[in-house]
Amino acid sequence: MKPPKPTPRPDQVSLWRYLKLFRKDLLSAQPQRLYHAWMAEFRTPFFRSYMINQPELVDTVLKQRPEDFPKSGRISEGLRPLLGDSVFLTNGDTWKRQRRIIDPAFEGGRLKDTFPAMLEAAQACVTRLRGQEGQEIECEELTSHAAADVIFRTLFSVPIEHEVAAQVFEKFRAYQRQQPLLNLAAFIPVPRWVPRLHAHNTRRNARDIRDLIKRLTAERAELIDAGKAPDDLATKIMTTPDPETRHCFDTQEMVDQVAIFFLAGHETSASALAWTLYLMALYPEWQEKLSVEAEALDDPSFGAMSKLKLSRDVFREALRLYPPVPMMVREATCTEHFRGRDAPKGSQIVISPWHLHRHERLWERPDEFDPQRWSTKNGKTCQRKAYIPFSTGPRVCTGAGFAMVEGPLLLSMLLRKFRFELVEGRTPVPVAHLTVRSKDGIWLRVFER
Ligand code: HEM
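All of the points below concern the structure found in this document.

About the criteria used
Residues numbered from 1 in each chain as written. Predicted model: local features only at pLDDT ≥ 70, side-chain atom pairs only at ≥ 80, totals over all residues. Heavy atoms only, no water. Near = heavy atom within 4 Å. Polar contact = N/O pair within 3.5 Å; in protein donor to acceptor, adjacent residues only side chain to side chain. Helix = DSSP H or I, 4+ residues; strand = E, 2+ residues; numbered from the N terminus. Buried < 20%, exposed > 50% of the residue type's maximum accessible area, 1.4 Å probe, protein only. Donors = N, O, S within 2.8 Å, 3.2 Å for Na, K, Ca; no water. Lys, Arg positive; Asp, Glu negative; His and termini not counted. Salt bridge = Lys/Arg side-chain N within 4 Å of Asp/Glu carboxyl O. Contact = heavy atoms within 4.5 Å. Pairing = 2+ DSSP bridges. Axes fitted to C-alpha atoms, helices over the stretch in contact; angles between N-to-C directions. Parallel < 35°, antiparallel > 145°, perpendicular 65-115°, else oblique. Left-handed = near helix turned anticlockwise from the far one by under 90°. Core = buried A, V, L, I, M, F, W, Y, C linked by side-chain atoms within 4.5 Å.

Thoughts on the site of the ligand
And step 1. What surrounds the ligand is a group of 24 residues, the closest being Trp95, Arg99, Arg330, Arg395 and Cys397.
And step 2. Valine 87 is positioned with one of its backbone polar atoms (N or O) 3.4 Å from an oxygen atom of the ligand.
And step 3. Those elements giving two or more residues to the shell around the ligand turn out to be helix 4 (92-106), helix 11 (251-282), strand 4 (328-331) and helix 16 (400-417).
And step 4. Counting residues per element, the shell around the ligand draws most heavily on helix 11, at four residues.

Spelled out as structure tokens, the structure:
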């Protein structure tokens, strides 16, 4: 049985129908041919966009000439009320300065310091799942909670049960429910003269979230001043001056960054983990292998993580089949000549990990789940050329190393204690909202081992 894949739309549809499909879901709105094409052009009366699916073109845009393809201002619109000038949205010098301050907190060496907080979150997740023997549970709920817990513990040394953390988590969920058209806005840019109206509720919610985050950062600033701050990610980021200007983030800018760490860090990991659990139920032989391997965590430590090789291969394969960020958009700042076609200045350039990861001309058996592919010749080549769950180039995800510890750790901690089984009639259908989610949740039955 192959892992679920959305049914693509017919190759030819009217613009009106395309817009309607888009509104419903980004993935099923795309035609089958994108799994085979190197590039596709979408021409409408208002805009042109180009999906590039050829590894060399993706390399040009993300790695060779990223400054010529900044983040599209149009995607930022929907996120701005919440994220302000966060590193996810900025471009140019502001973005460079922000990365200079943030990157040291996430570099490889620091992960060891972050690990104990991640482990506590994993243990809390195991505890929360106890006592539900044989019950159907919704995995996105479970993993969202766990991933949010990881972020709060690693960033601010507080668990998700902390009063402010719990409120931020709840309000983010509401925000995401109100902003389902985020992707629509990115791909189908309305002309620039149309005023941008954020629904009143969305704006109020964004303001509430930012006020809560402001409280956390203000409290932390006081602890830093008093020399009593814990050595976590927030302290590291707030006390790291930019090596060039010598300035640290001011409060406003720190709030922007915390908002994006929370959003980018928990939605994505939660989506990846939920799909991985589903794949484990679909392929019980792999689930058993991982649960045996997970005994390495009987005495959990950062060092033990290097023993979770299968868990990492499985998580990597889940990120291939269900990349949490299914598509990214950039804007061409000058006319580009791609594969014999001119993409005029201002065109939206769409890079689709979703399609690249399942490209029929690149991957062997692209739609099959095979964690062993990473040690084959084709798997290794594709990992280098056609595998970008965390993007690539200078704008690569700051949390990539973090996520590759968090994912296998949570997965192994869960499989060490629990077994997950499919629930008949509940095959999840992937849809893309902010991240790749399942249309009606991911339901599995849980048993204690
Ligand atoms: C499985 C988990 C994750 C996946 C698949 C993922 C994926 C991505 C992708 C694809 C981008 C690039 C988006 C674009 O260019 O449009 C990105 C950016 C980013 N991610 Fe992640 N991410 C994950 C976890 C995390 C975590 C745990 C954090 C932080 C704690 C994080 C923080 C960020 C930030 C700050 C950016 C913006 C970087 C920039 O634009 O310079 N992510 N992520």
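Still more ground to cover, so stick around.
Let's talk about the environment of aspartate 231
And step 1. Along the chain, the position of aspartate 231 falls in the loop between helix 9 (200-225) and helix 10 (233-239).
And step 2. Judged by its relative accessible area of 55%, aspartate 231 falls in the exposed class.
And step 3. Between the alpha carbons of aspartate 231 and aspartate 113 there is a distance of 8.5 Å; along the sequence they are 118 residues apart.

Topic: the coordination of the iron atom of the ligand
And step 1. Exactly one donor from the protein chain reaches the iron atom of the ligand: Cys397 (SG), at 2.3 Å.
And step 2. Following the sequence through the fold, cysteine 397 ends up in the loop between helix 15 (377-385) and helix 16.

Some words on the side chain of arginine 395
And step 1. Note that arginine 395 resides in the loop between helix 15 and helix 16.
And step 2. Buried and unpaired, arginine 395 has glutamate 67 as its nearest opposite-charge partner, separated by 9.7 Å.
And step 3. A polar contact is formed between the side chain of arginine 395 and the backbone oxygen of threonine 90, at a distance of 2.8 Å.
And step 4. Dropping the residues within four chain positions of it, arginine 395 is found in contact with Lys71, Val87, Phe88, Leu89, Thr90, Asn91, Trp95, Arg99 and Arg330.

Quick notes on the sheet that holds strand 4
And step 1. With mixed pairing, four strands are arranged side by side in an open sheet as 1-2-7-4. Two strands bound the open sheet, and with one partner strand each, they are strand 1 (39-43) and strand 4. On average, adjacent strands in this sheet sit at an angle of 25 degrees to one another, irrespective of strand direction.
And step 2. Where strand 2 (residues 48-52) meets strand 7 (residues 348-351), four bridges bridge the pair, whose relative direction is parallel. Residue pairing across strands places serine 49 opposite glutamine 348, the latter belonging to strand 7.
And step 3. Against the sheet, helix 2 (residues 55-64) engages strand 1, strand 2, strand 4 and strand 7, with an angle of about 115 degrees to strand 7.

Regarding the pattern of salt bridges
And step 1. Evaluation of the coordinates by the stated rule reveals 38 salt bridges.
And step 2. Of the charged contacts, one joins aspartate 367 and lysine 5 as a salt bridge, the two residues approaching to 2.9 Å between their closest N and O atoms. Placement of aspartate 367 in the loop between helix 14 (353-356) and helix 15 and of lysine 5 in the segment before helix 1 (15-24) is noted, with a sequence separation of 362 residues between them.
And step 3. Residue lysine 5 is classed as partly exposed on the basis of its relative accessible area, which comes to 25%.

Structural notes on the sheet that holds strand 8 (residues 418-422)
And step 1. On the basis of which strands lie adjacent, the open sheet formed by three strands has the order 3-11-8 and antiparallel pairing. Each edge of the open sheet is held by one strand with a lone partner, namely strand 3 (136-138) and strand 8. Strand-to-strand twist of the sheet, defined as the mean angle between neighbouring strand axes without regard to direction, takes the value 45 degrees.
And step 2. In terms of strand pairing, strand 8 meets strand 11 (residues 443-448) through five bridges, oriented antiparallel. Across the sheet, the residue bridging to phenylalanine 420 is valine 446, located in strand 11.

Describing the environment of isoleucine 137
And step 1. For isoleucine 137, the location among the structural elements is in strand 3.
And step 2. It is 8.1 Å that separates the C-alpha atoms of isoleucine 137 and isoleucine 442, two residues lying 305 residues apart in sequence.
And step 3. Apart from the residues within four sequence positions on either side, isoleucine 137 is in contact with Leu129, Gln132, Leu142, Phe420, Ile442, Trp443, Leu444 and Val446.

Some thoughts on the packing of helix 11 against helix 16
And step 1. Remark: helix 11 packs on helix 16, axes separated minimally by 10 Å, with the N-to-C direction vectors making an angle of 40 degrees. Overall, the two elements helix 11 and helix 16 adopt an arrangement that is oblique. The chirality of how helix 11 crosses helix 16 is right-handed. Packed against helix 11, whose contacting residues are Ser269, Leu273, Thr276, Leu277 and Met280, the element helix 16 presents Ala403, Glu406, Gly407, Leu410, Leu411, Leu414 and Leu415 at the interface.

Things to note about the nonpolar core
And step 1. Leu277, Leu409, Leu414 and Phe420 are the most contacted members of the largest nonpolar core, which has 101 residues in total.
And step 2. Top element by residues in this core is helix 11. It accounts for 17 residues.
And step 3. Leave out the neighbours within four places in its chain, and leucine 414 touches Cys125, Val126, Leu129, Leu142, Leu277 and Phe420.
And step 4. Within the second largest apolar cluster, 30 residues are counted, among which are Leu57, Ala386, Ala400 and Met404.

Taken by themselves, the reported measurements are silent on function.
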